[in-house]
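Per-entry structural report
So the chains spell out like this:
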Amino acid sequence: MSCQSSEELNELLLEAKHYTKYGTVADYIPALKKANPHDLSAAIYYPDGTCLSAGDIQQKMTLQSISKVLTLALALMDCGEESVFHKVGYEPTGDPFHSILKLELNNPSKPLNPMINAGALAVTHMIKGKNIEERFQRILHFVHELTGNSKITYSQEVAKSEFETSFINRSLCYYMKQDGIITEDVEELICLYTKQCAIELDCFDLARIGVVFAMDGVEPMTGKRLLPADIARLCKTFMVTCGMYNASGEFASKVGIPAKSGVSGGIMGAVPNRLGIGVFGPALDHKGNSIAGVKLLEMLSKKYSWSMF
Ligand code: GLN
């Protein structure tokens, strides 16, 4: 399956590209520093299988925080809503994704939602499997199903680079271990989490993930249900309330679609019942979202009335 380059999308992309100069590439994971801050690409995937693209959509990125939506779906399928939300809350934090602040303020320290790092680590902890390799293979298999692309694997370089520098994520884990939210070995959990964040794909793959969420869990071309509708809806709710970190309110006002970003510069969006979109632009704003990617989504939403509000 391929994507057609679109003149109309390209015009908006070129306009949005001007904003890349105001952003910076993430550097707290050393391997991410290599990205070109001026890159910007996008793909839109429709339920009838047509796909429009602009920019170099062959460019690969790692999932990073976008993986949090997928592990949430998997943990919900594994353990059910009650168990998952026994350990993680439903509420936005208004704090940066790395923050440890609310863990300290709440007693016992339950992370406020599954889209911040603390919550995502607790969610990954709940994914079933006999060892971390099997649990990782389950996450990867789910990505293969959602994208229809079984070639997807993970970047060992990015995983290793994050593993070696995950000081804050280790701190979050130990904090939660103290309160029994996490019971497994922290090094093992960090190993699994850094691999899940390092799964490598492109905008087209992201757009295909987006369309499955847009269609409430059904892959539209095959008609195959990949996740239950109530779980797809729950994931989309978190994408709206917490998907763009502590910029989710502004994003909901200006774009109005469920979306999830990652520090690699990727954004996966789902316009309910209409389409999935994948964007890649590694220059980030100060909250960690793709600066030009957000601009492009704003322009698209305005032009094609995507907002669900
Ligand atoms: N792997 C990254 C981390 O945990 C993901 C964060 C992100 O994309 N916001 O720091």
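Residues numbered from 1 in each chain as written. Predicted model: local features only at pLDDT ≥ 70, side-chain atom pairs only at ≥ 80, totals over all residues. Heavy atoms only, no water.

**What to know about the sheet that holds strand β4 (residues 61-62)**
Put simply, the rule is: Strand pairing is assigned whenever DSSP identifies at least 2 bridges connecting the two strands. Secondary structure elements are defined from DSSP: runs of H or I of at least 4 residues count as helices, runs of E of at least 2 residues count as strands, and each element is numbered from the N terminus. Any two residues whose heavy atoms approach within 4.5 Å are treated as being in contact. Simply put, an axis is a line fit to the C-alpha atoms, just over the touching stretch for a helix, and the angle between two N-to-C directions goes from 0 to 180 degrees.
An order of β4-β6-β5 is seen for the 3 strands of this open sheet, with the pairing classed as antiparallel. Edge positions in the sheet fall to β4 and β5 (153-154), since each has one partner strand and no second. Each of β5 and β6 (199-201) touches helix α5 (residues 132-147); the most contacted strand, β6, lies at about 15° to it.

**Re the site of the ligand**
Under the convention used in this document: Nearness here has a simple test: a residue counts as near a molecule or strand if at least one of its heavy atoms is within 4 Å of that partner. Think of a polar contact as two N or O atoms within 3.5 Å of one another; within protein, one of them needs to be a possible hydrogen donor and the other a possible acceptor, and neighboring residues in sequence only count if both atoms come from side chains. Every accessible area reported is derived by Shrake-Rupley at a probe size of 1.4 Å, with residue values counting cover from the shown protein chains alone.
Inspection of the region around the ligand gives 14 residues, with Tyr-28, Gln-64, Ser-65, Glu-162 and Tyr-193 positioned closest. A distance of 2.6 Å separates an oxygen atom of the ligand from a polar atom in the side chain of Tyr-28. A distance of 2.7 Å separates an oxygen atom of the ligand from a polar side-chain atom of Tyr-193. For the ligand, whose accessible area on its own is 300 Å², the fraction buried by protein is 100%.

**A look at unusual backbone geometry**
Our working rule: Accessibility here uses a 1.4 Å probe with only protein chains present; expressed as a share of the type maximum, an area under 20% marks a residue as buried, one over 50% as exposed, and anything in between as partly exposed.
Positive phi outside glycine occurs at Tyr-245, with the angle close to 55°. Among the secondary structure elements, Tyr-245 is positioned in the loop between α10 (229-242) and α11 (248-254). The buried category is assigned to Tyr-245, whose relative accessible area is 7%. Its identity is not glycine, yet Ser-305 carries a phi of approximately 50°, on the positive side.

**Concerning the nonpolar core**
Here is a general trend for soluble globular proteins: nonpolar side chains tend to be buried in one another's company. Selection rule: What we call a nonpolar core is a set of buried Ala, Val, Leu, Ile, Met, Phe, Trp, Tyr and Cys residues that are connected through their side-chain atoms within 4.5 Å.
Judged by nonpolar contacts, the single largest core of 69 residues is most densely connected at Leu-70, Leu-72, Phe-213 and Leu-227. Setting aside its immediate chain neighbours within four residues, Phe-213 contacts Val-69, Leu-70, Leu-227, Ala-232, Cys-235, Lys-236, Met-268 and Ala-270. Ranked by size, the runner-up nonpolar core spans 25 residues in total, among them Ile-267, Val-271, Ile-277 and Met-299.

**A short note on the pairing of strand β11 (residues 275-280)**
Within β11, 6 of the 6 residues are buried, which leaves the element mostly enclosed by the surrounding structure. Of the two faces of β11, the one holding Leu-275, Ile-277 and Val-279 and the one holding Gly-276, Gly-278 and Phe-280 are both buried throughout. Of the pairings in the sheet, the one linking strand β2 (residues 41-45) to β11 comprises 5 bridges and is antiparallel in character. For Tyr-45, the partnering residue across the bridge sits in β11 and is Gly-276. Pairing of strand β10 (residues 266-271) with β11, which is carried by 6 bridges, proceeds in the antiparallel orientation. By the bridge assignment for β11, Val-271 is matched with Leu-275. Between β10 and β11, which pair antiparallel in sequence order, lie 3 residues; one of them, Asn-273, sits at a positive phi of approximately 60°.

**Focus: the sheet that holds strand β1 (residues 4-5)**
The strand order β1-β3-β2-β11-β10-β9 describes an open sheet built from 6 strands, whose pairing is mixed. Here the strands that pair on one side only, and so sit at the sheet edges, are β1 and β9 (259-261). With 4 bridges connecting them, β2 and strand β3 (residues 51-54) associate as antiparallel partners. Within β3, the residue paired with Ala-42 across the bridge is Ala-54.

**Concerning the state of the cysteines**
Stated precisely, the cut-off is as follows: Only a pair of cysteine sulfur atoms within 2.5 Å counts as a disulfide in this structure description.
For the coordinates displayed, the defined rule picks out 1 disulfide. Disulfide pairing places Cys-3 opposite Cys-51 at an S-S distance of 1.9 Å. Because the sign of the S-S torsion sets the handedness, a value of about -55° for the bond joining Cys-3 and Cys-51 places this disulfide among the left-handed ones. Residue Cys-3 is found in the segment before β1, and its partner Cys-51 is found in strand β3; the two are separated by 48 residues along the sequence. No difference in accessibility class separates Cys-3 from Cys-51, as the two residues are buried. We note that Cys-197 lacks a disulfide partner, and the nearest cysteine sulfur, in Cys-173, lies 11 Å from it.

**Quick notes on the environment of Thr-93**
Here Thr-93 is to be found in the loop between α2 (67-87) and α3 (101-105). The class for Thr-93 is buried, based on a relative accessible area of 16%. The spatial distance from the C-alpha of Thr-93 to the C-alpha of Ile-44 is 30 Å, given a sequence separation of 49 residues. Once residues within four sequence positions are removed from consideration, Thr-93 is found in contact with Lys-102, Leu-112, Asn-113 and Ile-116. From its side chain, Thr-93 meets the backbone nitrogen of Asp-95 in a polar contact 2.9 Å long.

**Overview of the UniProt feature "binding site: substrate" (unreviewed entry) in the chain**
Filter applied, for reference: UniProt positions are given in the numbering used here, feature names are shortened, and annotations may be inferred rather than shown by experiment.
The positions that UniProt labels "binding site: substrate" (unreviewed entry) are, in the present scheme, Ser-65, Asn-117, Glu-162, Asn-169, Tyr-193, Tyr-245 and Val-263. Relative to the elements of secondary structure, Ser-65 occurs in the loop between β4 and α2. Checked against the element boundaries, Asn-169 lands in helix α7 (residues 167-178). For Asn-169, a relative accessible area of 3% gives the class buried. Setting aside anything within four residues of it in sequence, one finds Asn-169 in contact with His-98, Asn-117, Leu-121, Glu-162, Ile-190 and Tyr-193. A distance of 3.0 Å separates a polar atom in the side chain of Asn-169 from a polar atom in the side chain of Asn-117.

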